[in-house]
Amino acid sequence: MHTSSLIILTRNELSGLRSLIASIPTDKVDECFAVDYRSTDGTVELFKKHRIRVIHQEKPGRGEAFRLSARHATGQNLIFFSPDGNEDPRDIPKLLKLLNLGFDMTIASRFMNGSTNEEDTKRVKPRAWANRAFTFLANVIFRGHITDSINGYRAITKDAFRRLRLDAEGFAIEYQMTIRALKLHMRIAEFPTQEKPRIGGTSTAHAIPTGLRILRILLREIVIGKKF
Ligand SMILES: Nc1nc2c(ncn2[C@@H]2O[C@H](COP(=O)(O)OP(=O)(O)OP(=O)(O)O)[C@@H](O)[C@H]2O)c(=O)[nH]1
Ligand SMILES: [Mg+2]
């Protein structure tokens, strides 16, 4: 068994955190800390009440949050959890188990047999369609068999994380992580997850800028190949 660090990513996520914090399996990991970007809604105070250490992020964005997490984590395995309601804390042991079986990265997939995603019950599913399209392109171009290239609910070994030398900003970080892992022929495992609706707070993932940022990363990764 490898040592593990569970990292909770937040930016004003008080209502989600409040309803999930008791079900986060901190006893299943060697350390647990939060990376927070300037929350002003009481998120930081709630972490402190539960004796969860908080790393204060200076520059915004999930890209920066992932890099900061990896710099601070002492575990060999890193698990990223976002407590906005979308992610089921019961998947944390599953993510870890697969890393302990020898995979470099594991993803909780919203788009495979047995999965559900936020938009399943809707007729128009712009996010799901965009996600599937980007995953399709990554698979064709970088020869993968991934079903969810973008979900942030994932775990990776610290060694693999370092080898990927990620420099993407914001919500493009996960896509870059998947693409570069494919380029390096890393062992990637997925399992089905049930994505739930956001609990409260507000989303910072605005569809159009996020989509454009992901598209830019795709083009750049095509151009640079294995030079990273
Ligand atoms: N540490 C850190 N966390 C962030 C930052 N931006 C967003 N988050 C967290 O990342 C998670 C995902 O962000 P969301 O805004 O929910 O994005 P999303 O999941 O794509 O969109 P919705 O669930 O539909 O709102 C949440 O837990 C946020 O609090 C950031 O700059 N730093
Ligand atoms: Mg979310």
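Structure report, in brief.

Conventions and cut-offs
Residues numbered from 1 in each chain as written. Chains lettered and ligands numbered in written order. Predicted model: local features only at pLDDT ≥ 70, side-chain atom pairs only at ≥ 80, totals over all residues. Helix = DSSP H or I, 4+ residues; strand = E, 2+ residues; numbered from the N terminus. Contact = placed C-beta atoms within 7 Å. Pairing = 2+ DSSP bridges. Right-handed = clockwise from strand over helix to strand, strands pointing away. Axes fitted to C-alpha atoms, helices over the stretch in contact; angles between N-to-C directions. Parallel < 35°, antiparallel > 145°, perpendicular 65-115°, else oblique. Left-handed = near helix turned anticlockwise from the far one by under 90°. Nonpolar A, V, L, I, M, F, W, Y, C, P; charged D, E, K, R; others polar. Near = placed C-beta within 6 Å. Buried ≥ 20, exposed ≤ 12 C-beta atoms within 10 Å, placed from the backbone. Core = buried A, V, L, I, M, F, W, Y, C linked by C-beta atoms within 7 Å.

Description of the overall build of the protein chain
- Counting its regular elements, the protein chain contains eight helices and seven strands.
- The dimensions of the protein chain, computed from C-alpha atoms along their principal axes, are 45 × 40 × 35 Å.
- Taking contacts inside the protein chain between residues at least 6 apart in sequence as the whole, the part at least 24 apart equals 76%.

Points about unusual backbone geometry
- Residue arginine 165 is not a glycine yet carries a positive backbone phi of 45°.
- Within the secondary structure, arginine 165 sits in the loop between α6 (158-164) and α7 (173-183).

Quick word on the pairing of strand β3 (residues 53-56)
- Sheet topology note: the strand β2 (residues 31-36)/β3 ladder contains four bridges and is parallel. Residue pairing across strands places alanine 34 opposite valine 54, the latter belonging to β3.
- Regarding the hand of the β-α-β motif, the stretch spanning β2, helix α2 (residues 43-49) and β3 is right-handed.

Thoughts on the packing of α7 against helix α8 (residues 207-224)
- Between α7 and α8, the least distance of the axes is 9 Å, while the angle of their chain directions is 25°. By the angle class used here, α7 and α8 are roughly parallel. The way α7 lies across α8 gives a crossing that is right-handed. Residues Tyr175, Gln176 and Ile179 of α7 form the contact with α8, whose participating residues are Ile214, Ile217 and Glu221.
- Among the residues making up the contact of α7 with α8, the classes are represented as four nonpolar, one polar and one charged.

Digging into the site of ligand 1
- Every one of the 20 residues lining ligand 1 counts as a neighbour, but Tyr37, Ala65, Ser82, Ser203 and Ala205 are closest to it.
- Every element with two or more residues in the shell around ligand 1 is listed here: β1 (4-10), β2 and α3 (62-72).
- Partitioning the shell around ligand 1 into residue classes produces seven nonpolar, seven polar and six charged.

Quick notes on α7
- In terms of burial, α7 is a largely internal element, 10 of the 11 residues being buried.
- All of the buried residues in α7 are Ile173, Glu174, Tyr175, Gln176, Met177, Thr178, Ile179, Arg180, Ala181 and Leu182.
- Looking one or two residues beyond α7, the residue adopting positive phi is histidine 185, at roughly 55°.

Let's talk about the nonpolar core
- Counting 53 residues, the largest nonpolar core has Ile7, Leu78, Ile79, Phe81 and Leu95 as the members making the most contacts within it.
- Per-element tally for this core: the top contributor is α7, with six residues.
- Those residues in contact with phenylalanine 81 that sit more than four places away from it in its chain are Leu6, Ile7, Ile8, Ile24, Glu87, Pro89, Ile92 and Tyr153.

Here we look at the sheet that holds strand β5 (residues 105-109)
- Within the open sheet, the seven strands sit side by side as β3-β2-β1-β4-β6-β5-β7. Their pairing is mixed. Two strands close off the open sheet at either side, each with one partner strand: β3 and β7 (188-192). Averaged over all pairs of adjacent strands, the angle between strand axes in this sheet comes to 20°, irrespective of strand direction.
- Across four bridges, strand β4 (residues 77-81) lies against strand β6 (residues 154-157) in antiparallel orientation. Its bridge partner being in β6, phenylalanine 80 is matched across the sheet by arginine 154.
- Contacts between helix α4 (residues 92-100) and the sheet are confined to β1, β4, β5, β6 and β7, with β4 contributing the most and set at about 155° to the helix.

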